[in-house]
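Residue strings, one per chain:
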Amino acid sequence: MSELAASFEGSGFGRRFRFRENRTTPGRDTIAGMTTFIVMSYIIFVNPAILGFAGVEGLEGRGLEFDAVLTSTCLVAGVMTIIMGLYTNMAYAIAPGLGLNAVVAFTLVADNGLGFPEAMGLVVIEGVAITILVVLGLREAIMRAIPLELKKAIAIGIGLFIAFIGLYNSGLVQGRTAPTPVDLSPFTNWTVAITIVGLLITIGLRAVGFPGDLLAGIVLTTVFATIVNYAADVYPENLGYARWPDDVFQSPDFSLVGEISFDAFSTLPFIAALALVFTLFLADFFDTMGTLVGVGRQAGYLDERGEMPEIGKPLLVDSAAAAVGGFASASSATTYIESASGVGVGGRTGWVSVVTGALFFPFMFIAPLIGMVPPQATAPALIIVGWLMISVLTEAEEDAEVESGEPLRHDPGVGEPPVAPRPTTPERRLAGIDFHDVALGLSAAIAIMFMPFTFSITDGIAAGFIAYVWIRLCQGQWARVHPLMYVAAIAFALYFAIPILQQEFDWI
């Protein structure tokens, strides 16, 4: 058996993805790729709905065709995710960004009067600009300028953010007006019951160490939801959830590929067009940073300083994907936080991304099938992944050992007297993020809180960065802040101020 394993590892496939070196197997990474795809596959239907203004009163007829956007979405996600896997050998997946597509549809088109070709032209410009920064090494330099505590805060905040997405989209947590903005849904409807069953199944599989527990949980929950739906008619028929579709096959529509224009700079004031590009730039730039750090820490891609030695590779692919997404009229494509779901089941190599990307292509032809998976089936996976990312706090002792250069516990060598383990105080356990430190702790807490509360990774990172720089300035410790952090904080301040400036100055 060992000879067979050695022979396989020495094959071209084994050498390409280095499974043994990454402490994984092709089978495990295949399951991880399938898990990532299923968790992020909602974008196949959400992206066409947003860019098509589905159900938005007053914008009927201004959106893009559903089938064409679906084809572009699958095409961009499939091609760029496979490139990510082959070029970086990392388990990151790429697709049109949820949130970025809303900026394109509602900010660029609905609010500023651009046509979709003009809006997608701005997306291409933004993608090219980020790619240039990567080539020049500036994007990586900005990421390295960020304190370790803020990087950890990003991972924790994203974990809370995606867990909240799972809770809210499943209906287990519902919005209210007063006296509380959100509340636990009453256990009186089938969707809540389906979510709870999915949680019990998935948590149980995780507890017994079942390989591919997230994927199995999604499949089993979908089966249960389908049975319940046919018995109790839980989901409206037009949604397609938990219901075998009438038409399984459809022909891909590539009509939107290349349908772009750069006339936005003549349609709008030049400064206004630049401001819109800047908005896209910041959102794309720092969403990706948060994803790479958060997922990278879970996958073991980061070193003891919280840095990724080969981060330039995924940054380059991600930057190019932004431009490719605009060129295909799918909106800016970005690295997905849902990549953490595949990492959560043990995925480590680029084969995860190759499998994930390949699964997008068939759904250009049989997309209605993926629509069977309801939000209640993917919610448990998002909650579990959120827990995995929040667990970064438990790595504080290891970080304290590395940063101090002094081991927390000492095992005596030959001839040395036994030494009792040194007591670990609460302060040492919090050494990863010292929340007693006003600059690092408060800014990290602000970033963590803002992400789920504002439903935006970008807003959370922005608030944390601005808080950190401002606190250091108030402390008179301006020299401890990296110059690029000043640049980022100023850029984020402008990011928040753009709507106000646009109200006061017509030329912006």
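Residues numbered from 1 in each chain as written. Predicted model: local features only at pLDDT ≥ 70, side-chain atom pairs only at ≥ 80, totals over all residues. Heavy atoms only, no water.

S.K.: Please clarify how the overall build of the protein should be interpreted in this entry.
M.R.: Along the backbone of the protein there are 23 helices and 4 strands. Burial status across the protein gives 51% buried among its 508 residues. Restricting to contacts in the protein with at least 6 residues of sequence separation, those with at least 24 account for 76%. Surface exposure of the protein reaches about 22000 Å², of which carbon and sulfur atoms provide 65%. (Helix = DSSP H or I, 4+ residues; strand = E, 2+ residues; numbered from the N terminus. Buried < 20%, exposed > 50% of the residue type's maximum accessible area, 1.4 Å probe, protein only. Contact = heavy atoms within 4.5 Å. Areas by Shrake-Rupley, 256 points an atom, 1.4 Å probe, with all protein chains shown as cover.)

S.K.: Please explain helix α16 (residues 350-360) as it appears in this structure.
M.R.: Because an α-helix completes one turn every 3.6 residues, residues spaced three or four positions apart along the sequence face the same direction. Taken across its 11 residues, α16 has 8 buried, putting it largely inside the fold. For α16, the set of buried residues is G350, V352, S353, V354, V355, T356, G357 and F360.

S.K.: What should I look at first to understand unusual backbone geometry in this one?
M.R.: Trans is the common state for peptide bonds, and a negative phi is the common state for residues other than glycine. The phi angle at N89 is positive, at roughly 55 degrees, despite the residue not being glycine. Residue placement: N89 occurs in the loop between α5 (66-88) and β1 (94-96). Even without glycine at this site, D233 takes up a positive phi of about 55 degrees. The class for D233 is exposed, based on a relative accessible area of 55%.

S.K.: Help me out: how do you make sense of the packing of aromatic side chains in this one?
M.R.: The geometry of two aromatic rings is summed up by the distance between their centres and the angle between their planes. Summed over all chains, the structure comprises 16 aromatic pairs. Through a chain of ring-to-ring contacts, three or more aromatic side chains come together here, namely F13, F17, F19 and W351. Taking the ring centre of Y87 as reference, the NZ or CZ of K313 above it sits at 5.7 Å. (Phe/Tyr/Trp six-rings, centres within 6.5 Å; stacked < 30°, edge-to-face > 60°. Lys NZ or Arg CZ within 6 Å of the ring centre and 35° of its normal.)

S.K.: Mind showing me how you'd approach the side chain of S185 here?
M.R.: The topology assignment puts S185 in the loop between β3 (182-184) and α10 (190-207). Given a relative accessible area of 4%, S185 falls into the buried group. At 2.4 Å, the side chain of S185 and the backbone oxygen of G171 are in polar contact. Apart from the residues lying within four places of it in its own chain, the contact partners of S185 are G171, L172, V173, Q174 and V192. (Polar contact = N/O pair within 3.5 Å; in protein donor to acceptor, adjacent residues only side chain to side chain.)

S.K.: Help me understand a nonpolar patch on the surface in this model?
M.R.: Residues V128, I132, L136 and L138 make up a contiguous nonpolar surface patch of about 360 Å² in total accessible area. Of the residues forming the nonpolar patch, the biggest block, 3 residues, is contributed by helix α7 (residues 116-136). Summarising the element assignment, I132 is placed in helix α7. (Patch = residues over 30% accessible without salt bridge, like charges linked within 9 Å, V, L, I, M, F, W, Y side chains within 5 Å. Salt bridge = Lys/Arg side-chain N within 4 Å of Asp/Glu carboxyl O.)

S.K.: Looking at this structure, I do not really get the confidence of the model for the protein. What am I missing?
M.R.: Close reading of the predicted structure is inappropriate where its pLDDT is low. Chain-level pLDDT for the protein is 83 on average; 87% of the residues reach the 70-or-more range. Residue range residues 396-431 is modelled with pLDDT below 50. Its contacts to residues more than four positions away, or to other chains, number 34 contacts. (pLDDT = per-residue confidence, 0-100.)

S.K.: What exactly am I supposed to notice about the nonpolar core here?
M.R.: General note: in soluble globular proteins, nonpolar side chains tend to be found buried as a group. Judged by nonpolar contacts, the single largest core of 96 residues is most densely connected at F465 and M485. Counting residues in hydrophobic clusters, the runner-up holds 25 residues, among them L64, V69, L122 and A272. (Core = buried A, V, L, I, M, F, W, Y, C linked by side-chain atoms within 4.5 Å.)

S.K.: Just checking my understanding: could you explain the side chain of Q376 for this structure?
M.R.: Among the structural elements, Q376 can be located in helix α18 (residues 375-390). At 2.8 Å, the side chain of Q376 and the side chain of Y235 are in polar contact. Contacts of Q376, omitting those with residues within four sequence positions, involve N169, S170, T191, I194, T195, T221 and Y235.

S.K.: Honestly, the environment of P362 in this entry has me stumped. Any pointers?
M.R.: Position of P362 relative to the elements: it lies in the loop between α16 and α17 (363-370). For P362 and P252, which are 110 residues apart along the polypeptide, the C-alpha to C-alpha distance reads 9.9 Å.

S.K.: Please explain the packing of helix α9 (residues 148-169) against α18 as it appears in this structure.
M.R.: For any two helices packed against each other, the geometry is given by the interaxial angle and the distance between the axes. α18 packs onto α9 with a crossing angle of 160 degrees between their chain directions and a minimal axis gap of 7 Å. The pairing of α9 with α18 is recorded here as roughly antiparallel in orientation. Considering how the two elements wind past one another, α9 and α18 form a crossing that is left-handed. Together, A155, I156, I158, G159, L160, I162, A163, I165, G166, L167 and N169 of α9 and P375, Q376, A379, L382, I383, V385, G386, M389 and I390 of α18 make up the contact between the two elements. Its residues placed into classes, the contact of α9 with α18 shows 15 nonpolar, 5 polar and no charged. (Axes fitted to C-alpha atoms, helices over the stretch in contact; angles between N-to-C directions. Parallel < 35°, antiparallel > 145°, perpendicular 65-115°, else oblique. Left-handed = near helix turned anticlockwise from the far one by under 90°. Nonpolar A, V, L, I, M, F, W, Y, C, P; charged D, E, K, R; others polar.)

S.K.: Help me understand α10 in this model?
M.R.: Taking 1.5 Å of rise per residue, the 18 residues of α10 would be expected to cover 26 Å, and the 25 Å separating its terminal C-alpha atoms lies within 8% of that figure. Three or more residues of α10 are buried, namely V192, I194, T195, G198, L199, T202 and L205. One side of α10 holds all its buried residues, which, seen down the axis, span an arc of 155 degrees. Facing away from the buried side of α10 by more than 90 degrees, the exposed set consists of L200 and A207. Tucked inside the fold, the buried residues of α10 contact α11 (213-232) and α18. At the C-terminal side of α10, G209 shows a positive phi close to 75 degrees. (Expected span 1.5 Å × (residues − 1). Arc of directions from axis to C-beta.)

S.K.: Explanation requested: the packing of helix α3 (residues 26-40) against α16 in the structure shown.
M.R.: Remark: α3 packs on α16, axes separated minimally by 7 Å, with the N-to-C direction vectors making an angle of 45 degrees. By the angle between their axes, α3 is oblique relative to α16. The hand of the α3/α16 crossing is right-handed. For the pair α3 and α16, contact is made by P26, D29, T30, A32, G33, M34, T36, F37 and M40 and by W351, V352, V355, T356, L359 and F360, respectively. For the contact of α3 with α16, the class distribution of residues is 10 nonpolar, 4 polar and 1 charged.

S.K.: What should I look at first to understand the environment of V128 in this one?
M.R.: In this structure, V128 sits in helix α7. V128 gets classed as partly exposed once you look at its relative accessible area, which sits at 39%. When the C-alpha positions of V128 and A321 are compared, they lie 9.5 Å apart, and in sequence the two are 193 residues distant.

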